[in-house]
Amino acid sequence: MANQPAQKFKIGLFTATVWQNDGFSSVDLSRSYKTDTGEWRNTGSFHHSDLLNLAKCAERAEIWIGRQISAK
């Protein structure tokens, strides 16, 4: 079975996925898009107009990680 993310934060097409790895956290940031054939895909490449929502997702992930650390 594949590892599951510790948490996910979504704003529209943007997602911050938090992973727990041996005592530290890492975050993947992605944007979903639909191909010409209607298939959903994800990318790690962003347009400058994406950055505000991407930053909000990253901020939510950072707050969640901070709360996990404080709870220990």
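Preceding this paragraph is the structure being described.
Described below are features of the structure shown in this document. What you are looking at is a predicted structure, and each value in this text was computed from that prediction instead of being measured.

## Some words on the pairing of strand S3 (residues 24-34)
For strand S2 (residues 14-21) and S3, the ladder comprises 8 bridges, and the chain directions are antiparallel. Paired with valine 18 across the two strands is valine 27, which belongs to S3. Counting the residues between successive antiparallel strands, the hairpin from S2 to S3 contains 2 residues, one of them, aspartate 22, with a positive phi of roughly 45°. Bridge analysis of S3 against strand S4 (residues 40-43) gives 4 bridges, and the strand direction is antiparallel. Bridge pairing in S4 places serine 32 opposite asparagine 42. The hairpin formed by S3 and S4 contains 5 residues between the paired strands, and glycine 38 there has a positive phi angle of roughly 90°.

## Brief notes about helix H1 (residues 51-70)
For H1, which comprises 20 residues, the first-to-last C-alpha distance of 28 Å matches the rise-based estimate of 28 Å (1.5 Å per residue) to within 8%. When H1 is considered as a whole, its buried residues turn out to be Leu54, Cys57, Ala61, Trp64 and Ile65. All buried residues of H1 project into a common sector of 100° when viewed along the axis, lining one side. In this structure, H1 carries Leu52, Glu62, Arg67 and Ser70 as exposed residues pointing more than 90 degrees from its buried face. The inward-facing, buried residues of H1 contact strand S1 (7-11), S2 and S3.

What counts and what doesn't
Residues numbered from 1 in each chain as written. Predicted model: local features only at pLDDT ≥ 70, side-chain atom pairs only at ≥ 80, totals over all residues. Heavy atoms only, no water. Pairing = 2+ DSSP bridges. Helix = DSSP H or I, 4+ residues; strand = E, 2+ residues; numbered from the N terminus. Expected span 1.5 Å × (residues − 1). Buried < 20%, exposed > 50% of the residue type's maximum accessible area, 1.4 Å probe, protein only. Arc of directions from axis to C-beta. Contact = heavy atoms within 4.5 Å.

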